[in-house]
Amino acid sequence: MPSIHEAIEAFKTNVQFRNPNTRRLYHRGIDAFGEFIAANGSLDAPIQSLARDATAAFNGWMARDKGYAAPTQRLYAAVLRAALRYWRANFDGWIRFTREQEQEAARTSLIGELDDAEPRHARLPEDFGNRMLKAALEIPVPAEPHARLDVLRLRALIAVLRASALRIGDALRLTRADLADAAAQNGRLEVKMEKTGLTAHIRLGEATLEFVQTYLAARDDNSPWLFIQHGKSNRRRKNSPAFFRSARRGYGARLSTTSGWRLVQGLAAGAGLDRSAQFTSPHAFRHWHAQRLIDQGVALENVQAVLGHSTPATTRAVYAPEPDRRAIDDAEKKLQE
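What counts and how
Residues numbered from 1 in each chain as written. Predicted model: local features only at pLDDT ≥ 70, side-chain atom pairs only at ≥ 80, totals over all residues. Heavy atoms only, no water. Axes fitted to C-alpha atoms, helices over the stretch in contact; angles between N-to-C directions. Helix = DSSP H or I, 4+ residues; strand = E, 2+ residues; numbered from the N terminus. Parallel < 35°, antiparallel > 145°, perpendicular 65-115°, else oblique. Contact = heavy atoms within 4.5 Å. Nonpolar A, V, L, I, M, F, W, Y, C, P; charged D, E, K, R; others polar. Buried < 20%, exposed > 50% of the residue type's maximum accessible area, 1.4 Å probe, protein only. Polar contact = N/O pair within 3.5 Å; in protein donor to acceptor, adjacent residues only side chain to side chain. Phe/Tyr/Trp six-rings, centres within 6.5 Å; stacked < 30°, edge-to-face > 60°.

**Q** Hey, could you go over the packing of helix H2 (residues 20–40) against helix H4 (residues 70–90) for me, with residue numbers and the actual values?
**A** Closest axis-to-axis distance for the H2/H4 pair is 8 Å, and the angle between their directions is 85°. One way to sum up the angle between H2 and H4 is to call them roughly perpendicular. Contacts from Leu 25, Tyr 26, Arg 28, Gly 29, Ile 30, Ala 32 and Phe 33 in H2 reach Leu 75, Tyr 76, Val 79, Leu 80, Ala 82, Ala 83 and Trp 87 in H4. Looking at the contact of H2 with H4, its residues break down into 12 nonpolar, one polar and one charged.

Quick look at the structure:
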């Protein structure tokens, strides 16, 4: 039986990543787990000796001993779960506990912190996408030009996130050319995602296209980006597209992911959503969209294409890890009548 150190090296050597940044983060996360093992035991211990509470204990060590920020803790915990899945799937007998036993150990070790123990999509309001769009549309459009642009940009951004299920970074890299392609193809658009290099097959409906076009018409500038910084002055709005492509700040520069995130969170608060108890980040639109497709019976292979996942297994693991008991009950009822 290999040691924990050898199992970690097998994961780092054999798991392939299309994106070097993802590879770097996953290697950093599994190395942190190795550091945790070394601090509390031995990396030479057999991999089979891992206890079912390994993930929970790793989480506690990251928070207590290392002081990692919450996003880093979540990322590294996700890396460990990915490694456990890899070891279970490829090496018989390496991991002695099931995923269900691991989850139960995590729940019982996080009493008083159940929200953190739950997956994000479990804290996602069922009406999230519709509620956010409704909140954006209820904001009055001011007459003052700068404030008017802010409201129209927010409406357009929320509509695109709701309709596309794109990650916020990919949504903010959309251009006028992308919008023209979508308009010419009944709203359909293929977007190469920066994180994975894979292609998401999305469709922007007529209403979504109209929200974006209204925002672009109000801007009246040459920036190629759909979502831009408004700055304190729009005097340079007639600069060339090439100028805006390279601009980092000021009117016409592409809106940053941080700014996009703040816009979404600000609207969520205005819509009465509790960020501490509910999943309300820009990524929540991706989960909400996927879950609505699955609820409507769309095949996982097609949901995979919309999200740009590498395989349907990835889509299933994130959005449909449990059997659809309602669909099973309906089918069984028809079968046994």
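Once the structure has been displayed, the description carries forward.
**Q** Any chance you could break down the side chain of Lys 12 for me, citing the residues and the numbers?
**A** Looking at the element boundaries, Lys 12 is found in helix H1 (residues 4–14). For Lys 12, a relative accessible area of 18% corresponds to the buried category. Polar side-chain contacts of Lys 12 include one of 2.9 Å to the side chain of Asp 31.

**Q** Which residues make up the packing of H2 against helix H3 (residues 54–66), and what values do they have?
**A** Close contact between H2 and H3 brings their axes to 10 Å; oriented N to C, the two are set at 85°. Comparing their axes, H3 and H2 come out roughly perpendicular. Contacts between H2 and H3 involve Gly 29, Ala 32, Phe 33, Glu 35, Phe 36, Ala 39 and Asn 40 from the former and Ala 54, Ala 57, Phe 58, Trp 61 and Lys 66 from the latter. Of the residues that constitute the contact of H2 with H3, the class distribution is eight nonpolar, two polar and two charged.

**Q** Can you break down the packing of aromatic side chains residue by residue, with the values?
**A** Here the distance between the centres and the angle between the planes together describe a pair of aromatic rings. Applying the stated rule across the entire model yields 13 aromatic pairs. Centre to centre, the rings of Phe 58 and Trp 61 are 6.1 Å apart; their planes meet at 20°, and the pair counts as stacked. Pair noted here: Phe 58 and Trp 61 are both in helix H3, with a separation of three residues, about one helical turn. Of the two residues, Phe 58 and Trp 61, neither departs from the other in class, the shared state being buried. With a centroid separation of 3.9 Å and 10° between ring planes, the pair formed by Phe 91 and Trp 94 is classed as stacked. The exposure class assigned to Phe 91 is partly exposed, which follows from its relative accessible area of 23%. The exposure class of Trp 94 is buried, given its relative accessible area of 11%.

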